Amino acid sequence: MIDGPTDQLRREHELVLIVVEAMEREVADIEKTGRVHSERVAQMIDFTRHFTDGNHHTKEEELLFPLLEERSASAGGTVSILLSEHEAARDCIRKTDAALPDAERSAAARSAIAENLKLYAFLLRLHIGKEDTVLFPLTERLLNAQEQEMLSAEFERVEGEETETGASERYHALAHTLATPPAER
Ligand SMILES: [Fe+2]
């Protein structure tokens, strides 16, 4: 199989990691200058909610994970840990979003943004590493070629909806915008 469902998820991880790296750069910048690039942080939240959670995690949580849980009890254990990591990551983004309107006037809000972006980046790097090295090889072992093709077709359906609305192109472009460091202040 040349391009299976796990290849697609791995490619999406690469895009997510571009934004994770931008978050780490933002944290370093907040710690150094005491200021927040609010518009960039809002773009990071938008990307994370739409692409990472809305698109990528939908494929995992609604399509891949249930299939693995059904197939093997030990895969089910791994899946429940991964699901709790998705939830912990969402919580970081909720807290970042809640603090963002006060970033200009409140040092506590700026700290909350830096802490939650830092925790999110830390969690996501570990989480993606675990999926790439444990979950995907397990998926490739548990599902036969036909099942993997069916999963790919389901992913294509999700992707087709994203392409139709222009979201796919928009979020790829946004990740690459965020990859460029902000201008010096
Ligand atoms: Fe993932």
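Conventions used here
- Starting afresh in each chain, residues are numbered from 1 along the sequence in its written order.
- Note on the predicted model: pLDDT of at least 70 is required for a residue's local features to be given, and 80 or more for side-chain atom pairs to be given and counted; whole-chain, interface and lining totals, by contrast, use all residues.
- To obtain the side-chain values, all non-hydrogen atoms of the structure were used and water was disregarded.
- Think of a 1 Å grid over the protein atoms and nothing else: a 1.4 Å probe that fits but is trapped marks a cavity, an open set flanked by protein within 12 Å on at least five of seven lines marks a pocket, and residues with an atom within 4 Å of a point count as lining.
- Grid points are joined across faces, edges and corners, and a volume is the space filled by probe spheres set on the points.
- Numbered from the N terminus, helices here are DSSP runs of H or I no shorter than four residues, and strands are runs of E no shorter than two.
- The rule for donors is simple: N, O or S, within 2.8 Å of the metal, or within 3.2 Å if the metal is Na, K or Ca. Water isn't counted, so a site may look like it is missing partners.
- Note on geometry labels: four donors, all angles 85 to 135 degrees, give tetrahedral; four donors become square planar and six octahedral when opposite donors are over 155 degrees apart and every other angle is between 65 and 115; remaining cases are irregular.
- Relative accessibility thresholds used throughout: buried, under 20% of the residue-type maximum; exposed, over 50%; partly exposed, between the two (1.4 Å probe, protein chains only).
- Whenever a carboxyl oxygen of Asp or Glu lies within 4 Å of a side-chain nitrogen of Lys or Arg, that contact is scored as a salt bridge.
- Here a Phe, Tyr or Trp ring, Trp counted by its six-membered ring, pairs with any other such ring whose centre lies within 6.5 Å, and the pair is stacked when the planes are under 30 degrees apart, edge-to-face when over 60, and tilted otherwise.
- For a lysine, the NZ atom is tested; for an arginine, the CZ atom; a charge sits over a ring if that atom is within 6 Å of the ring centre and within 35 degrees of the ring normal.
- An expected span of 1.5 Å times one less than the residue number is assigned to each helix.
- The arc refers to the directions leading from the helix axis to the C-beta atoms.
- Contact criterion: two residues are considered in contact whenever any of their non-hydrogen atoms come within 4.5 Å of each other.
- Working definition of a nonpolar core: buried Ala, Val, Leu, Ile, Met, Phe, Trp, Tyr and Cys residues. They are joined through side-chain atoms within 4.5 Å.

A. Examining the layout of surface pockets more closely. Looking at the second largest pocket, its volume works out to about 180 Å³. Contributing to the lining of the second largest pocket are Q8, R11, E12, E14, L15, F51, E156, E159, S168 and H172. Counting only elements with at least two residues in the lining of the second largest pocket, the list comes to α1 (5–33), α5 (145–165) and α6 (167–179). It is α1 that contributes the most residues to the lining of the second largest pocket, five residues altogether.

B. Representation of the environment of H13 in the model. The topology assignment puts H13 in helix α1. Spatially, the C-alpha atom of H13 lies 9.5 Å from that of R125, the residues being 112 residues apart in sequence.

C. Looking closely at the coordination of the iron ion. Distances from the iron ion to its protein donors, H13 (NE2), H56 (NE2), E60 (OE) and E131 (OE), fall at 2.0 to 2.2 Å. Of note is the iron ion, whose four donor atoms meet at the metal with angles of 83 to 163° in an arrangement that counts as irregular. Here the donor residues for the iron ion map to a single chain with the spacing H-x42-H-x3-E-x70-E. Remark: E131 occurs in helix α4 (residues 107–142) and E60 occurs in helix α2 (residues 38–71); sequence separation between them is 71 residues. For the residue pair E60 and E131, the accessibility class agrees, reading buried in each case.

D. The arrangement of the pattern of salt bridges in detail. Counted according to the given criterion, the structure contains 18 salt bridges. Among the salt bridges present, the one from R90 reaches E61, with a minimum N-O distance of 2.8 Å. Highlighted residues: R90 in helix α3 (residues 73–99) and E61 in helix α2, separated in sequence by 29 residues. R71 is the salt-bridge partner of E147, the closest N and O atoms lying 2.8 Å from each other. Of this pair, E147 sits in helix α5 while R71 is found in helix α2, placing the two residues 76 residues apart along the sequence.

E. Highlighting the packing of aromatic side chains. On inspection of all chains with the given rule, the structure shows two aromatic pairs. Among the aromatic residues, those joined into a cluster by ring pairs are F47, F51 and Y171. Lying across the ring of F155, K59 places its NZ or CZ 6.0 Å from the centre.

F. Local environment of α5. In a regular helix each residue adds 1.5 Å, so 21 residues correspond to 30 Å; α5 covers 31 Å between its end C-alpha atoms and thus fits that length. Where α5 is concerned, the buried positions are Q148, L151, S152, F155, V158, E159 and E162. What you see down the axis of α5 is that its buried residues fit within an arc of 120°, all on one side. Of the exposed residues in α5, the ones pointing more than 90 degrees away from its buried face are Q146, E149, M150 and E164. The inward-facing, buried residues of α5 abut α1, α2, α4 and α6. Looking one or two residues past α5, G166 carries a phi angle of roughly 85°, positive in sign.

G. Up close: the nonpolar core. One finds F47, I113 and Y120 to be the most contacted residues of the largest nonpolar core, which totals 33 residues. Taken together, the elements giving at least two residues each to this core come down to α1, α2, α3, α4 and α6. If near-sequence neighbours (up to four positions away) are discounted, Y120 is found in contact with V20, M23, T48, T52, A89, C92 and I93. Ranked by size, the runner-up nonpolar core spans 15 residues in total, among them F65, L68, V79 and V158.

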